[in-house]
Amino acid sequence: KPSIMSIDTDAIKRQIEFYFSDSNFRKDTFLKTAAQADPQGFVPIETLLTFNKLKTLNATTEIIAECFKESGVVDLSEDGLKLKRSAELPELDDSM
């Protein structure tokens, strides 16, 4: 198990913030479906850990939870096991 020191937490945070960004989230059917399955719109971190980019970054649930204790883009659930967008998705796609 890699130590937290050898893990690029900035890269993990950037990657997840990208997943939940307006431009990506709108087109990402898998992520949107996962969010819609939860009454509060949370996506389990376990689900995110199936993404290859996060696998290559050696992300774990604990590391991801730690990264998102403070974020203006993504909210961490009370139990530290799920993430969701901080803001509602804008109606219009102005992310071009």
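As a reminder, the structure under discussion sits directly above these lines.
Residues numbered from 1 in each chain as written. Predicted model: local features only at pLDDT ≥ 70, side-chain atom pairs only at ≥ 80, totals over all residues. Heavy atoms only, no water.

### With respect to the sheet that holds strand β1 (residues 43-44)
Within the open sheet, the three strands sit side by side as β1-β3-β2. Their pairing is antiparallel. Looking at the sheet topology across the chains shown, the edges are occupied by β1 and β2 (74-76). Taken together, the two bridges between β1 and strand β3 (residues 82-85) define a ladder with antiparallel strand orientation. Within β3, the residue paired with V43 across the bridge is L83. (Pairing = 2+ DSSP bridges. Helix = DSSP H or I, 4+ residues; strand = E, 2+ residues; numbered from the N terminus.)

### Regarding the pattern of salt bridges
Taken as a whole, this structure holds three salt bridges when the rule is applied. The salt bridge partner of D22 is R85, with a shortest N-O separation of 2.7 Å. Taken as a pair, D22 in helix α2 (residues 22-27) and R85 in strand β3 lie far apart in primary sequence, 63 residues in all. On the basis of relative accessibility, which here comes to 28%, the residue D22 falls in the partly exposed class. A salt bridge links K82 to D38, with the nearest nitrogen and oxygen atoms 3.8 Å apart. Of this pair, K82 sits in strand β3 while D38 sits in the loop between α3 (29-36) and β1, placing them 44 residues apart in sequence. By relative accessible area, D38 is classed as buried at 15%. (Salt bridge = Lys/Arg side-chain N within 4 Å of Asp/Glu carboxyl O. Buried < 20%, exposed > 50% of the residue type's maximum accessible area, 1.4 Å probe, protein only.)

### A look at the side chain of S77
With respect to the helices, strands and loops of the structure, S77 is situated in the loop between β2 and β3. Polar side-chain contacts of S77 include one of 3.3 Å to the backbone nitrogen of L81. When sequence neighbours within four positions are dropped, the list of residues in contact with S77 reads F42 and K82. (Polar contact = N/O pair within 3.5 Å; in protein donor to acceptor, adjacent residues only side chain to side chain. Contact = heavy atoms within 4.5 Å.)

### Description of the nonpolar core
Core analysis: the biggest nonpolar cluster contains 23 residues, and I12, I16, F20, L48, L54, I64 and L83 have the highest contact counts within it. When residues of this core are traced back to their parent elements, those giving at least two are α1 (9-19), α3, α4 (45-48) and α6 (61-67). With four residues, α6 is the single largest residue contributor to this core. (Core = buried A, V, L, I, M, F, W, Y, C linked by side-chain atoms within 4.5 Å.)

### Some remarks on the packing of aromatic side chains
Applying the stated criterion across every chain, the model contains four aromatic pairs. On the basis of an interplanar angle of 90° and a centroid distance of 4.9 Å, the ring pair of Y19 and F51 is categorised as edge-to-face. Remark: F51 occurs in the loop between α4 and α5 (52-56) and Y19 occurs in helix α1; sequence separation between them is 32 residues. Each member of the pair, Y19 as well as F51, carries the same accessibility label: buried. (Phe/Tyr/Trp six-rings, centres within 6.5 Å; stacked < 30°, edge-to-face > 60°.)

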